[in-house]
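Listed below are the residues making up each chain.
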Amino acid sequence: MLPDLDGIEVLRRMRADSPEVPVLFLTARDAVEDRVAGLTAGGDDYVTKPFSLEELVARLRGLLRRSRMTAARHGSELVVGDLVLDEDSHEVRRGDDLVELTATEFELLRYLMRNPKRVLSKAQILDRVWNYDFGGQSNVVELYVSYLRKKIDAGRAPMIHTVRGAGYVLKPAAGG
C-alpha cells in the first residue's frame with residue numbers, strides 16, 4: 001500500500017542489493033494470503049496493525065539476534081587492525097601475541113570490535129554486556145575497560161579510546 005511500489009517489490013529490490021539485511025513487514029494488510037506472500041517473498045517477520053509496541057520491539061530483537069547468529073556463522077573472526085577475536089574458539093590475538101581474557105572481558109571486547117570506530121556510551125555497553133537490569137557497581141564499565149586496556153594496549157599503540165562525555169571507541173592503532 002505504498003504510493004509507488006508495493007512492499008513485496010521494495011523487498012525484492014532490497015534483497016538484490018543486500019540479501020543479508022533482515023526485513024520485518026509492518027502493515028495493515030492482515031489477510032493470511034498477504035502474510036504468506038510477504039514471508040514467501042523473503043520477509044523475515046510480519047506484523048500487522050494495530051500492534052503493540054512491546055511485541056514489535058520483541059520481534060525486532062529476535063530478528064536482530066537471528067541475523068547476528070547468521071553473520072557469525074559466515075565467519076567467526078572479528079578483525080580490527082592487528083587485533084583478532086575468534087568467536088568460536090574464544091581466542092584473542094594482538095599481533096602475534098595471544099591475549100587471555102575473562103568471559104566478561106571477551107564480551108566487552110566483542111561488542112567493541114563489532115562496532116569499530118563507533119563511540120559507544122557507557123549505557124549502551126552496560127545494556128549489551130551486562131544487560132540493562134544489572135544492579136552492580138556503577139563504574140563496572142570503566143573498570144572492565146581498564147582491564148581490557150591493560151591486556152590489549154599494554155606496550156603497544158592504544159586501540160581503546162575514551163571520548164569524554166560520550167563513551168568509548170575501539171579503532172585500529174595509528175599506523176596499524
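Right above here is the structure, for reference.
Now for a look at the structure at hand. (Residues numbered from 1 in each chain as written. Predicted model: local features only at pLDDT ≥ 70, side-chain atom pairs only at ≥ 80, totals over all residues. Heavy atoms only, no water.)

**Description of the pattern of salt bridges**
Under the convention used in this document: The term salt bridge refers to a side-chain nitrogen of Lys or Arg lying within 4 Å of a carboxyl oxygen of Asp or Glu. Numbering of helices and strands starts at the N terminus; helices are DSSP runs of H or I of at least 4 residues and strands are runs of E of at least 2. Any residue under 20% of the maximum accessible area for its type is buried, any over 50% is exposed, and the rest in between are partly exposed; the area is computed with a 1.4 Å probe on protein chains only.
Within the structure shown, the criterion is met by 13 salt bridges. Two residues, R114 and E87, come together in a salt bridge whose shortest N-O distance is 2.4 Å. Taken together, the positions of R114 in helix 4 (residues 103–114) and E87 in the loop between strand 4 (83–86) and strand 5 (91–94) put the pair 27 residues apart, joining distant regions of the chain. Residue R114 is classed as partly exposed on the basis of its relative accessible area of 29%. One salt bridge in this structure joins E142 and K122, with 2.8 Å as the shortest N-O distance. You can see E142 sitting in helix 6 (residues 140–152) and its partner K122 sitting in helix 5 (residues 122–130), a full 20 residues away along the chain. We classify K122 as partly exposed; its relative accessible area is 38%. One continuous salt-bridge network, built from bridges that share partners, spans E87, E107, R110 and R114.

**Quick notes on the sheet that holds strand 5**
This is how the line gets drawn: Strands are labelled as partners when DSSP assigns at least two bridges between them. For helices, the fitted axis covers only the stretch in contact; all axes are lines through C-alpha atoms, and the angles between them, taken along N-to-C directions, range from 0 to 180 degrees. The contact rule is simple, with two residues in contact once any of their heavy atoms fall within 4.5 Å.
Read across the sheet, 4 strands follow the order 3-4-5-6 without closing on themselves; strand pairing throughout is antiparallel. Two strands lie at the open edges of the sheet, namely strand 3 (77–80) and strand 6 (97–99), each paired on one side alone. Neighbour-to-neighbour, the strand axes of the sheet open up by a mean angle of 20 degrees, direction not taken into account. Sheet analysis places strand 3 next to strand 4, joined by 4 bridges and oriented antiparallel. Across the sheet, the residue bridging to V79 is V84, located in strand 4. Helix-sheet contacts for helix 4 involve strand 3, strand 4 and strand 5, and the interaxial angle to strand 4 is about 115 degrees.

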